[in-house]
Amino acid sequence: MHARLLKMGALDVSKIVQGRQGWRLITCIWLHAGVVHLLINVLCLLFIGIRLEQEFGFVRIGLVYLISGFGGSLMSALFIRSSISVGASGALFGLIGSMLSELITNWSLYANKVAALLTLVFVIVVNLALGILPRVDNFAHIGGLISGFLLGFVVFIRPQFAWINQKRVAPGQETAPVKRKHKTYQYILWLAAVVLLIVGFTVAIVLLFRGYNANDHCSWCHYLSCVPTKKWKCNSSPQTCTVMQQPNTLDLTCDGTGTHHSYSIAGATQDQISQLCNSLCS
């Protein structure tokens, strides 16, 4: 499964940095680690996406989904160094984040503001808390959530009711003139979100392709994705193997588990050794 996902475009930091395969930041969004993983994401997308698509249309929802997924992949690549990552969770969290910012930027249009806000915050907190379980890439969740939250201020901004009503006034009727389509705070949030998105994505991309490891400057950040307990462990260190290349065989021993295996491979490449080592140690 590991090798197959890699061939199909799973997120692997070494291949992105050394192999310059930046396309993996996008392709990993469409891959899943099994039928159950796929079904969970499809159900989440149905519950979250239908309401947003009905209100804002396919194009804007699609942009938020794709860009948020890309943002989740970027953050995952900066922190997750020892395993591959697949799934649309970052994109889904982006849609949830955009719902939160849409509520904020269109605050005056909602009747039950506080109830809607508390519900969204509760959903976000619960899902992020589940992300501390092992084998769950919570960094993709966080990156997607932040990206979607900022994108919501940009693409989900609604005009004032007074401005809309002004356009519907019949000839001869008089109404108080409304010059601006949006309120001042909406313009401020839009501008701030655009600047943060451009700066954030640019810095993240540059750091990633320079081989930057965010864990070197944040010793506690790995706990955001997995918290070790008595029932499970979090293996955040890269998998390494002792390699012995024979004329027609390749002998690998996982340094972490001591597992040994011989492969009928002559002249194995470094990529092949890395894939087999990850598979042996997993």
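Residues numbered from 1 in each chain as written. Predicted model: local features only at pLDDT ≥ 70, side-chain atom pairs only at ≥ 80, totals over all residues. Heavy atoms only, no water.

S.K.: Describe in detail helix H10 (residues 184–209), supporting the description with residues and values.
M.R.: In a regular helix each residue adds 1.5 Å, so 26 residues correspond to 38 Å; H10 covers 38 Å between its end C-alpha atoms and thus fits that length. All buried positions along H10 are accounted for by Gln186, Ala193, Leu197, Phe201, Ala204 and Leu208. Against the buried residues of H10 lie helix H2 (13–17), helix H3 (24–27), helix H5 (58–79), helix H6 (89–105) and helix H8 (138–155). A positive phi of about 80° marks Gly211, the residue just after H10. (Helix = DSSP H or I, 4+ residues; strand = E, 2+ residues; numbered from the N terminus. Expected span 1.5 Å × (residues − 1). Buried < 20%, exposed > 50% of the residue type's maximum accessible area, 1.4 Å probe, protein only. Contact = heavy atoms within 4.5 Å.)

S.K.: I'd like a description of unusual backbone geometry, backed by residues and values.
M.R.: Glycine aside, residues mostly have negative phi angles, and peptide bonds mostly take the trans form. Although it is not a glycine, Arg20 adopts a positive phi angle of roughly 55°. Relative to the helices and strands, Arg20 resides in the loop between H2 and H3. Overall, Arg20 belongs to the exposed group, its relative accessible area being 53%.

S.K.: Residues and numbers for the sheet that holds strand S3 (residues 260–263), please.
M.R.: Read across the open sheet, the three strands follow the order S1-S2-S3; overall the sheet is antiparallel. On the outer flanks of this sheet lie strand S1 (241–245) and S3, each paired with one strand and no other. When strand polarity is set aside, the average angle formed by the axes of neighbouring strands in this sheet is 15°. Where S1 lies against strand S2 (residues 250–254), five bridges are found, and the strand directions are antiparallel. Each residue of the ladder has a partner; that of Met244, found in S2, is Asp251. (Pairing = 2+ DSSP bridges. Axes fitted to C-alpha atoms, helices over the stretch in contact; angles between N-to-C directions.)

S.K.: Outline the UniProt feature "transmembrane region" (unreviewed entry) in the chain, supporting the account with residue identities and numerical values.
M.R.: The UniProt record annotates "transmembrane region" (unreviewed entry) at residues 29–50, 62–80, 86–107, 114–133, 139–157 and 187–209. Regarding residues 29–50, the helix share stands at 73% and the strand share at 0%, and the terminal C-alpha atoms are separated by 19 Å. (UniProt positions renumbered as here; feature names shortened; annotations may be inferred.)

S.K.: So what's going on with the state of the cysteines? Residues and values would help.
M.R.: All chains considered together, the criterion is met by one disulfide. Bridging Cys218 to Cys221, the disulfide has an S-S length of 1.8 Å. Handedness of the Cys218-Cys221 disulfide follows from its S-S torsion of about 80°: it is right-handed. A residue is classified by how much of its surface remains accessible, and Cys221, at 6% relative accessible area, is buried. (Disulfide = S-S within 2.5 Å.)

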